[in-house]
Amino acid sequence: MKKRHITVLLLLYFFLSSFFGWAQSALYLDESQPVEVRVKDALSRMTIEEKVALCHAQSKFSSKGVPRLGIPDVWSSDGSHGVSDEKLWDEWNSAQWTNDSCTAFPALTCLAATFNPKIARLYGTSIGEEARYRNKTMLLGPGVNIYRTPLNGRNFEYMGEDPFLASRMVVPYVQGVQSNGVAACVKHFALNNQEIARGEINVNVSDRALHEIYLPAFKAAVQEGNVWSIMGAYNKIWGLHCCHNDILLNQILKNDWKFDGVVVSDWGGVHNTDEAVNGGLDIEMGTYTNGLTTQGHFPFSSYYLADPFLKGIKSGRYEMSKLDDKAGRILRMIFRTTMGANRPYGRFVSPEHSDAARKTAQEGIVLLKNEKQFLPIPEGRYKKIAVIGENAVKSLIVGGGSTSLKAAYEISPLQGLKNKYGESNILYSMGYASGRPLYGAEEPSRLNLDSLQNAAIETARQADIVLFVGGLNKNYFQDCESGDRRSLSLPFGQDKLIEEIQKVNHNVAVVLLSGNAVLMPWLNKTKAVVQGWYLGSEAGNALADIISGEANPSGKLPISFPRKLEDAGAHAFDQLCYPGDGNNVYYKEDILVGYRWYDTKKIPVLFPFGYGLSYTTFQYGKPAVSSKTITAADSLEVTVSIKNTGKVAGKEVVQLYVSDETSSLPRPVKELKGFEKISLEPGEEKTVRFTLTKEDLSYYDDIKKEWIAEPGKFKIMIGASASDIRGTVDFNLK
Ligand code: BGC
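Numbering of residues begins from 1 in every chain and follows the order in which that chain's sequence is written. Side-chain atom pairs in this predicted model are given and counted only at pLDDT of 80 or more, local residue features only at pLDDT of at least 70, and totals for whole chains, interfaces and linings cover all residues. Excluded from the side-chain calculations are hydrogens and water; all other atoms, namely the structure's heavy atoms, are used.

1. Observations concerning the overall build of the protein chain
Helix and strand definitions here come from DSSP, where helices need a minimum of 4 consecutive H or I residues and strands a minimum of 2 consecutive E residues; each element is numbered from the N-terminal end. Across its full length, the protein chain holds 19 helices and 32 strands. Considering the protein chain as a whole, with its 734 residues, one finds that 61% of them fall into the buried category. By the convention used here, residues are in contact when the closest approach between their heavy atoms is within 4.5 Å. Partitioning the contacts of the protein chain with sequence separation of at least 6, the portion at a separation of at least 24 is 75%. Placing the 82 positive and 82 negative side-chain charges of the protein chain at their respective mean positions leaves the two points 2 Å apart. Each residue is assigned to one of three classes by its accessible area relative to the maximum for its type, calculated with a 1.4 Å probe on protein chains only: buried under 20%, partly exposed between the two thresholds, exposed over 50%. Positive charges are assigned to Lys and Arg, negative charges to Asp and Glu, while His and the chain termini are left out of the count. Taken as the charge centre is NZ of Lys, CZ of Arg, CG of Asp or CD of Glu, depending on the residue.

2. A short note on the pattern of salt bridges
A pair is scored as a salt bridge if a Lys or Arg side-chain nitrogen falls within 4 Å of a carboxyl oxygen belonging to Asp or Glu. Taken as a whole and assessed by the stated rule, the structure comprises 48 salt bridges. The residue Asp567 makes a salt bridge to Lys564 at a minimum N-O spacing of 2.9 Å. Exposure remark for Asp567: the relative accessible area of 10% places this residue in the buried category. Judged by relative accessible area, Lys564 falls into the partly exposed class, the value being 41%. Here the salt bridges do not stand alone but share partners, grouping Arg154, Glu157, Glu195, Arg198 and Glu481 into one network.

3. Concerning helix H9 (residues 246-256)
Among the residues of H9, Leu248, Leu249, Ile252, Leu253 and Lys254 are the ones counted as buried. One face of H9 carries all of its buried residues, which in axial projection span an arc of 160°. In the stretch just after H9, Lys258 is the one whose phi turns positive, near 65°. The arc under discussion is defined with respect to the helix axis, by the directions toward the C-beta atoms.

4. Section: the site of the ligand
In the region of the ligand, 15 residues are neighbours, and Asp78, Arg154, His188, Asp266 and Glu481 sit closest. Whenever two N or O atoms come within 3.5 Å, that pair is a polar contact, provided that in protein one can donate a hydrogen and the other can accept it, and provided that, for residues adjacent in sequence, both atoms are side-chain atoms. A distance of 2.3 Å separates an oxygen atom of the ligand from a polar side-chain atom of Asp78. Interatomic distance of 2.7 Å between a side-chain N/O atom of Glu481 and an oxygen atom of the ligand. Note on areas: Shrake-Rupley with a 1.4 Å probe; residue coverage comes only from the protein chains shown. Relative to its unbound accessible area of 310 Å², the ligand is 99% covered by the protein chains. Grouping the amino acids of the shell around the ligand by side-chain chemistry returns 7 nonpolar, 2 polar and 6 charged. If a single non-hydrogen atom of a residue is within 4 Å of a molecule or strand, that residue counts as near it. As a working rule, the residues Ala, Val, Leu, Ile, Met, Phe, Trp, Tyr, Cys and Pro are called nonpolar, Asp, Glu, Lys and Arg charged, and the rest polar, with Gly in that last group.

5. Notes on the sheet that holds strand E18 (residues 528-531)
The 6 strands lie next to each other as E11-E18-E17-E16-E12-E13, forming an open sheet whose pairing is mixed. Every interior strand has two partners, whereas the edge strands, strand E11 (366-370) and strand E13 (426-429), have only one. Pairs of neighbouring strands in the sheet enclose a mean axial angle of 15°, with direction left out of account. Should DSSP find at least two bridges between two strands, the strands are regarded as paired. Two strands pair when backbone bridges link them, and strand E16 (residues 465-471) and strand E17 (residues 508-513) are joined in this way by 6 bridges, in the parallel orientation. Each bridged residue has a counterpart across the sheet, and for Gly471 the counterpart in E17 is Leu513. Packed onto the sheet, helix H14 (residues 413-421) meets strand E12 (385-388), E13, E16 and E17 and runs at close to 165° relative to E13. Inter-axis angles, ranging from 0 to 180 degrees, are taken between N-to-C directions of lines fitted to C-alpha atoms, where helices are fitted over the stretch in contact.

6. Observations concerning the packing of aromatic side chains
Each Phe, Tyr or Trp ring (for Trp, its six-membered ring) is paired with any other whose centre lies within 6.5 Å, and the angle between the two planes then decides the class: stacked below 30 degrees, edge-to-face above 60, tilted in between. Under the definition given, this model contains 25 aromatic pairs. Look at Trp75 and Trp89: their rings are 6.0 Å apart centre to centre, the planes differ by 65°, and that puts the pair in the edge-to-face class. Of this pair, Trp75 sits in strand E3 (residues 74-77) while Trp89 sits in the loop between E3 and helix H4 (108-113); the two residues are 14 residues apart in sequence, bridging distant segments of the chain. Using a relative accessible area of 27% as the deciding quantity, one classes Trp75 as partly exposed. With relative accessibility at 47%, the residue Trp89 sits in the partly exposed group. Taking the centre distance of 5.4 Å and the plane angle of 35° together, the rings of Tyr123 and Tyr173 count as tilted. Residue Tyr123 is located in helix H5 (residues 117-133), and its partner Tyr173 is located in helix H6 (residues 163-178); the two are separated by 50 residues in the primary sequence. For Tyr123, a relative accessible area of 0% gives the class buried.

7. What to know about the environment of Pro308
Looking at the secondary structure, you find Pro308 in helix H11 (residues 307-315). For Pro308 and Asn272, which are 36 residues apart along the polypeptide, the C-alpha to C-alpha distance reads 9.8 Å.

8. Some details on the packing of helix H15 (residues 449-462) against helix H16 (residues 494-504)
Remark: H15 packs on H16, axes separated minimally by 9 Å, with the N-to-C direction vectors making an angle of 35°. As H15 packs across H16, the resulting crossing turns out to be right-handed. Of the residues in H16, those in contact with Gln453, Ala456, Ile457, Ala460 and Arg461 of H15 are Lys496, Leu497, Glu500, Ile501 and Val504. In terms of residue class, the contact of H15 with H16 is built from 6 nonpolar, 1 polar and 3 charged. Should the near helix be turned counterclockwise from the far one by less than a right angle, the crossing is left-handed, whereas a clockwise turn marks it as right-handed.

9. Observations concerning the nonpolar core
The set of buried Ala, Val, Leu, Ile, Met, Phe, Trp, Tyr and Cys residues whose side-chain atoms join them within 4.5 Å is what this entry labels a nonpolar core. Residues Ile71, Met159, Phe189 and Tyr214 are the most contacted members of the largest nonpolar core, which totals 121 residues. For this core, the element with the highest residue contribution is H6, accounting for 9 residues. Membership of the second largest hydrophobic core comes to 67 residues, among which are Val387, Leu417, Val510 and Ala539.

10. Comments concerning the sheet that holds strand E10 (residues 262-264)
Reading across the sheet, the 7 strands line up as E1-E2-E3-E4-E5-E7-E10 and stay open at both edges, with mixed pairing between neighbours. Each end of this open sheet is capped by a strand with a single partner; those strands are strand E1 (57-59) and E10. Summarising the sheet, strand E2 (residues 62-63) and E3 pair through 2 bridges and their orientation is antiparallel. For Ser62, the partnering residue across the bridge sits in E3 and is Trp75. Contacts between helix H8 (residues 216-223) and the sheet are confined to strand E5 (183-189) and strand E7 (229-232), with E5 contributing the most and set at about 160° to the helix.

11. Let's talk about the side chain of Arg667
Inspection of the secondary structure assignment puts Arg667 in the loop between strand E26 (650-660) and strand E27 (671-680). At 2.8 Å, the side chain of Arg667 and the backbone oxygen of Leu697 are in polar contact. Beyond its immediate chain neighbours, meaning those up to four positions away, Arg667 contacts Arg208, Asp660, Leu697, Ser698, Tyr699 and Phe714.

Now the structure itself:
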């Protein structure tokens, strides 16, 4: 063969091999390929070092992609009710960008209070659009830890005390977020129900309570919402940290539930390489960096899942399959999100997002008391409306820990009321003052509290009516991460202030902004009470909509309000039950959490779960079942008619509770297994339909380790709250 021919052949060879090589590499880049094909292809091209680099942080909120292959880094952002601002590379502090002020949506207790999965979908889609616009891979939320004690500083981030409600709301939230090509990250898996000693505390809970109460919302997010990532919790269970807990992550989450996404640690929640490698963790975040667990700089290469992992793989201590599984999961998330097919573009602080925030707030605000139709207050009825209270003007978007937001705007309650009733009709007085938040503490206010109080009383005396806007706030030991509340009472002398105001003005309505239940010693003398949660950017507008009657309240409590702290299940025992002894906490109330406890133990509450008034009234018909006897294979249809018997249009949340009348294991008196929010014009009547299946009748048997629907008699209760049952109907399970 001539030299020229050889050269041509060689050129041809190089051309063809590079062409096919490229064609091959195009597999993981090819959006039309199934995700699994892309994952396998990408993995086959990566070095061990590149795979390990996927598994730990490279900055406060990012981990590496594969730069050589064009696979982007993974960027995450808090939180569950707004996309937080950009942070410095390895610090919690803001990077001070000027283009990252978000829409603040209402906090998740408010979303749960809407009892409206369609609102959850709208909410998820909207916040997902904001996360997408900001180019995030992962949005660190929503949180679905169950509300066990009203003292938990993070309850406002979660969806209430009932696993069924939280499950129905988390699924559309996750689907909405992920429709934008952004992974939702459901957190904190699992049992992070208190902030005291959260990093060490070992939660002792029965398997039954774990499966019936604390896991269902996570399970629904995985199996129905197909969530792409999940965050481990700080605390321990079975003596092991949740971020690397073989039973929780490998057996339950990945094996039993078939979760194929990524387990991310909570920031600083990883403690050990062997456990992190083998215990089901995929990405390690926040270890030993500034600020959270141990102070000081700790190079990212020293993370448990960085160099020690790499060394262990090379020495044969850890199996290669462990690394491939983690890297594969992370790649899968990347191919579903930033490298996904037809990823939408998102949008940021759009008018649609303000509308979504306002709608959520309107539907989540709960009217707790309304004596003689004190509310609504139409425009023009009163000349002088006194607005009293710090929460009428204080930002409730900032603070609270990792959910603190830099919002594009925030309409305060005072501003919203002025917009509605006219500046000249509103008299404002602060009345009380909270302190200045410091890290892990609060510096008391330097204002003179007596003069604040006196001024407020004077203002109240001059006004026709008083709207007191108080509650908790996002300072430490209020509704705030890293600590729990120290008492169930309102802070900063508000109880006394309200009582003093009531001495000079009998027309007082109280608006509470909080993520937690509080005591209300002044309730009897108060004309109306509104539970307003934390409402985000549109707070003031939404509150004014409700107070003026432009929107009819339709929120229902996703939590019970006890009459005193010791009435709550978690507080009915000793310190070991809450907050524990620093090492262990024992959930002695077991499956009886929230209304399950109060109802079963016949303890009266201030306001029950599922409760909320409207400006109209609803009449419930008699419920009926499709069959009086069913087998476990059948489903049961329950119907009930509801009529709006008042003068204005309104929405009612019709609730279905199941009671197992003949059970070999103790069961709560009733459990929510269905709800439907319906909209009715005055005089209009609609039939609501529920379908129950075996799952809705089952309990978790600790010994057999399975769900059991036990034959016998069941009672269906249809109600307007857990304590307001309007009709019942029985059936038999064969
Ligand atoms: C919180 C998480 C949060 C993370 C990142 C942690 O302290 O527990 O909920 O997503 O910080 O800010």
